[in-house]
Amino acid sequence: MIQTKPSVLTILVAGGAGFVGSHLCEHLLEQGHRVICLDSFLTGTQDNVLPLAAYPNFRLIQQDVADPLDISERLDRVYNLASPASPPHYQADPVHTMMTNVQGTLNLLMLAERHGARFLQASTSEVYGDPEMHPQREDYVGHVNCTGSRACYDEGKRAAEALCYDFVRAKRADVRVARIFNTYGPRMRPDDGRIVSNMIVQALTGQPMTVYGDGSQTRSFCFVSDLVAGLMALMEARIAPATPVNLGNPEEFEIRDLAMLVHDTIPTTSTIVYRDLPEDDPKRRRPDISRARELLGWQPKVKLSEGLPQTIAWFAAHVKAQATHTGETASVQTLVQG
Ligand SMILES: NC(=O)c1ccc[n+]([C@@H]2O[C@H](COP(=O)([O-])OP(=O)(O)OC[C@H]3O[C@@H](n4cnc5c(N)ncnc54)[C@H](O)[C@@H]3O)[C@@H](O)[C@H]2O)c1
């Protein structure tokens, strides 16, 4: 069979300076595509994007997605990952989080429409809220508190999905929606307050490791390379699935077991401490990924026992580098355009 070389696409990654977005940009660049990263650096970092400058096909635009957008270069694909994702960050300015997800998604959908580009929305398992269905299937409509402190994110993402399907029904854009479950890996921010990064940093620095509630609540952890493969498979699926697609690792862990695993992997003097559960914290989280398996042939490959040591090694180097760093870092301003 004659193998044809995949064509070079021009791809906008909004939120490309973040944890997941920077891995996505890197994979797309490695495939030879032109990548435009658009990011406000709200939670993204220059450390994530500076290595990407080594690729001649990489361009960076510093901008808020909630502001009017215009890109002159013809776009083939638009990934929307722009949104703070961890509770302390998205709760810091809840109105801006809501507007990022509603106005920002609308701006990016209209951009995709103008360019005739395919659009992928990074949605979240948080649209299921504190779920009463377990595991969560895409047809479950969710159990979300619209007045709680997580609503700016959960309801913002739900409104963004509604916008996406309004564009689909009106035939204004070719849209795909990924509902992403907890993802972990190198380049998570040490201070972002997510469970995996929190525990690793606490163990590495000898602080008490915090477990909320009695630790019997569950999460399923997907390694970032698996998620990126899923996002790219969904974007490149020839026919857009008519509904959102869960992307996550269905292996379910109790939080207290995760704490023990981190504790056993890192030589640490840390003890495990128990604190009150935050408001609206979901008790169980596990994706049903039958749809992703059927439509995309996708399923996660990296077990927590493999991904966790890689993540710990990255944090160990990163936390140490931060502690010893005295010099100037190269400025991201040298990369920024527009
Ligand atoms: N990581 C996860 O476990 C997870 C789970 C579910 C959904 N998601 C979704 O995936 C996407 C990426 O998540 P992440 O973990 O990489 O988070 P992240 O915070 O590391 O990345 C988000 C990026 O978006 C940028 N951003 C935020 N608001 C913006 C704005 N108004 N304009 C322009 N840029 C803006 C940030 O600066 C950052 O670079 C998010 O949309 C998130 O909701 C992630």
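Note that the coordinates shown come from a computational prediction; the quantities given were computed from them, not determined experimentally. (Residues numbered from 1 in each chain as written. Predicted model: local features only at pLDDT ≥ 70, side-chain atom pairs only at ≥ 80, totals over all residues.)

Points about the site of the ligand
Neighbouring the ligand are 27 residues, the closest being G15, G18, V20, T43 and G44. Within the residue set of the shell around the ligand, elements represented by two or more residues are α1 (19-30), α4 (94-115) and β5 (118-124). With three residues, the single largest contributor to the shell around the ligand is α1. (Near = placed C-beta within 6 Å. Helix = DSSP H or I, 4+ residues; strand = E, 2+ residues; numbered from the N terminus.)

Quick look at the packing of α4 against helix α5 (residues 151-169)
Between α4 and α5, whose axes approach to 8 Å, the crossing angle comes to 15°. The orientation of α4 with respect to α5, classified from their angle, is roughly parallel. Regarding α4 and α5, the two cross each other, and that crossing is right-handed. In contact with P94, T97, M98, N101, V102, T105, L106 and L109 of α4, α5 contributes C152, Y153, G156, K157, A159, A160, L163, C164 and F167. Class assignment for the residues of the contact of α4 with α5 results in twelve nonpolar, four polar and one charged. (Axes fitted to C-alpha atoms, helices over the stretch in contact; angles between N-to-C directions. Parallel < 35°, antiparallel > 145°, perpendicular 65-115°, else oblique. Left-handed = near helix turned anticlockwise from the far one by under 90°. Contact = placed C-beta atoms within 7 Å. Nonpolar A, V, L, I, M, F, W, Y, C, P; charged D, E, K, R; others polar.)

A closer look at the packing of α1 against helix α7 (residues 224-236)
Axis separation between α1 and α7 bottoms out at 10 Å; the angle between their running directions is 65°. Crossing of α1 against α7: the hand is right-handed. Counting all contacts with α1, which are made through V20, H23, L24 and H27, the residues of α7 involved are V224, L227, V228, L231 and M232. Looking at the contact of α1 with α7 residue by residue, the class counts come to seven nonpolar, two polar and no charged.

Regarding the confidence of the model for the protein chain
Averaged over every residue, the pLDDT of the protein chain is 92; residues scoring 70 or more account for 93%. This model gives residues 325-330 a pLDDT under 50, and the stretch forms two contacts once residues within four places in sequence are excluded. (pLDDT = per-residue confidence, 0-100.)

As for unusual backbone geometry
Cis peptide bonds are those with omega within 30 degrees of zero, and the linkage from H134 to P135 qualifies with -10°. Structurally, P135 can be placed in the loop between β5 and α5. Positive phi outside glycine occurs at F41, with the angle close to 65°. Of note, F41 is situated in the loop between β2 (34-39) and α2 (46-49). A tally of 17 C-beta atoms within 10 Å means that F41 is categorised as partly exposed. Its identity as a non-glycine residue notwithstanding, K171 has a phi of 55°, on the positive side. Mapped onto the fold, K171 is located in the loop between α5 and β6 (175-180). According to the C-beta neighbour criterion, K171 is exposed, with 8 such atoms within 10 Å. (Buried ≥ 20, exposed ≤ 12 C-beta atoms within 10 Å, placed from the backbone.)

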